[in-house]
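Structure assessment
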Amino acid sequence: MTLETPPATRTCRLCGGAVSEIFDFGRQPVSNAFVKAEEADGEAFHHLAVGICSSCSMVQLSDELPREAMFHDDYPYRSSESALMRRHFEEFAGNLVRTELTGPDPFVVEIGCNDGIMLKTISDHGVRHLGVDPSRGAAETAAAKGIDVRVDFFEESVAREIRQAHGRADVIFSANTFSHISYIDSIFRGIDELLAEDGLFVFEDRYLGDIVEKNYFDQIYDEHFYLFSLHSVRAMVERFGFELVDAQRLAVHGGAVRYSVARPVARKPGTALARLFAHERDLGLTDRVKLARFGVNIRRIRHDLVALLTELKAKGFRVAGYGATSKSATVLNYCGIGMDLVECVYDSTPEKQGRLTPGSHLPVVAPERFAADYPDYVVLFAWNHAEEILAKEQAFTAQGGRWILYVPDVHVL
Ligand code: SAM
Ligand code: TMP
Ligand code: ZN
């Protein structure tokens, strides 16, 4: 089955400017659609290509999936599988409580709260909050932690209802979700409805600068409709009448940026902005020709990874994967890697276990079964959790097991 998407108009989803292609990954499955073996024949595919707008410099996908094809009751991603990310959001939420939420009865809204990884700390502090997330399974996990959640896609009408029921929000937060929402105009109108006059809208997301510098091509998949830079984010927020007042680089997920957005002149812009703008000019993040050079590295990585796996197979070594990430959908399908080269993928998420990876059909297996049958090599698809996973799986390394990484280039640890 091929998902029905509107024809690729190659006009910017935000400003209507001309979008020129940077790279084409070809046919891809829905990145989080882990399939049951008996349903593997009915998978939906789409075309994955990425381009840049010559007008507002937003990097974006050419094809847009229906939001319900990605986010639904059974969406399997659970943010809290990572101890690093739990700490990251605990720290952020704790700071928020101390700095922004000091009024008499503050209210926080999170767009894309998933299993409550961030709002848990807000809730533990007794601060009024509401998470909005369409993925019922994840939202129910959050609710079981005592978090207030609305199972819905955040958009203008939802924002209005929230304001009517709860009043304006002092902080609206969103992590690794804003880039997933192509219909951003409705989101900004919603934020305008809901945010207090002196409120702050904070969102964090993967950073185009790190993606390009470190060849993190696997950050490009259906859910990441936009790949943000400071330049494109500034154009985006100003288009909707807001001001970018701060930006902070983060190490998580291979490199992200936390953007702070306010109503015009409500806040004094931070000094970090100028430095990061200069960095982007050096990198050429608004220059299609410079960005297109990224494609040379992507093709080289595909060649080197397939060559390495083919050689290992020919020599009789066994290879598995670790981390059935959304990112791995791009790697596996773009490189054409199936069970012939990688026998299975270990992953701690119960919702993914027992299923097959989308498109490539590798069985997803619980890490508890890893030690019983160590392969010789493991491709680390969850490279952003390398420290945590290598620490957990020390015994594999100690008995001679080797880890394969494919970014920023293919190498064996
Ligand atoms: N914030 C968490 C984090 O940083 O780990 C979760 C990120 S997860 C990759 C993206 C989440 O956004 C999913 O739980 C998805 O259901 C949710 N989402 C997608 N579109 C949304 C929308 N329009 N409104 C609210 N949540 C949305
Ligand atoms: P992410 O890179 O999108 O956060 O996804 C990480 C995936 O890796 C997710 O499916 C959970 C899995 N995982 C493990 O299997 N073991 C671990 O120790 C960690 C941190 C993640
Ligand atoms: Zn544009």
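Quick look at the structure, then. (Residues numbered from 1 in each chain as written. Chains lettered and ligands numbered in written order. Predicted model: local features only at pLDDT ≥ 70, side-chain atom pairs only at ≥ 80, totals over all residues. Heavy atoms only, no water.)

Concerning the packing of aromatic side chains
Stated formally: Each pair of aromatic rings taken from Phe, Tyr and Trp, with Trp reduced to its six-membered ring, is defined by centres within 6.5 Å and is described as stacked if the planes are under 30 degrees apart, edge-to-face if over 60, and tilted in the remaining cases. Put simply, DSSP H or I for four residues or longer makes a helix, DSSP E for two residues or longer makes a strand, and each gets a number counted from the N terminus. In this analysis the charged atom, NZ for Lys or CZ for Arg, is taken to sit over a ring once it is within 6 Å of the ring centre and within 35 degrees of the ring normal.
Tallied over the entire structure, the rule returns 32 aromatic pairs. Residues F188 and F240 carry aromatic rings whose centres are separated by 4.8 Å and whose planes lie at 5 degrees to one another, so their mutual orientation is stacked. Taken together, the residues span a long stretch of sequence, with F188 in helix 6 (residues 184-194) and F240 in the loop between helix 8 (230-239) and strand 10 (243-250) at a distance of 52 residues. For R67, the ring lying beneath its charged end belongs to F153, and the centroid distance is 4.1 Å.

Side note on helix 2 (residues 83-99)
One turn of the α-helix equals 3.6 residues, which is why residues spaced by three or four share an orientation. Using the following cut-off: Take the residue count of a helix, subtract one, and multiply by 1.5 Å to get its expected span. Each residue gets one of three labels from its accessible area relative to the maximum for its type: buried under 20%, exposed over 50%, partly exposed in between, using a 1.4 Å probe on protein chains only. The contact criterion used throughout is that any non-hydrogen atoms of two residues lie within 4.5 Å. Pairing of N or O atoms within 3.5 Å defines a polar contact, subject to two protein rules: one partner must be a possible hydrogen donor and the other a possible acceptor, and residues neighboring in sequence count only if both atoms are side-chain atoms.
For helix 2, spanning 17 residues, the distance from its first C-alpha to its last is 24 Å, which sits close to the expected 24 Å at 1.5 Å a residue. Within the span of helix 2, buried status applies to M85, H88, F89, F92, A93, G94, L96 and V97. In this structure, the buried side of helix 2 is in contact with helix 3 (119-124), strand 7 (169-175), strand 8 (195-206), strand 10 and strand 11 (256-262). Here helix 2 starts with a cap whose side-chain oxygen sits 3.3 Å from the backbone nitrogen of L84, and that cap is S82.

Observations concerning the site of ligand 1
Applied cut-off: Throughout this document, a residue counts as near a molecule or strand when at least one of its heavy atoms sits within 4 Å of that molecule or strand. Areas reported as accessible are Shrake-Rupley estimates using a 1.4 Å probe. Residue values count occlusion only from the protein chains shown. When residue character is reported, Ala, Val, Leu, Ile, Met, Phe, Trp, Tyr, Cys and Pro are called nonpolar, Asp, Glu, Lys and Arg charged, and the others, Gly included, polar.
The immediate surroundings of ligand 1 are formed by 21 residues, with S79, D133, S135, F154 and N176 found nearest. Within the side chain of N114, an N or O atom sits 3.0 Å from an oxygen atom of ligand 1. At 2.9 Å from a nitrogen atom of ligand 1 is found a side-chain nitrogen or oxygen belonging to Y183. Compared with its free state, where it exposes 600 Å², ligand 1 has 97% of that area covered by protein. Of the residues that constitute the shell around ligand 1, the class distribution is 12 nonpolar, 7 polar and 2 charged.

Focus on the site of ligand 2
Of all residues adjacent to ligand 2, which total 19 residues, the nearest are K327, D347, S348, K352 and K392. Between ligand 2 and D347 there is a distance of 2.6 Å, counted from an oxygen atom to a side-chain nitrogen or oxygen. Between N384 and ligand 2, the recorded distance is 2.8 Å, taken from a side-chain N or O atom to an oxygen atom. Surface burial for ligand 2 is 98%, taken as the share of its 480 Å² of free accessible area covered by protein chains. Residue composition of the shell around ligand 2, grouped by class: 5 nonpolar, 8 polar and 6 charged.

Nothing here speaks to function; it is all geometry.
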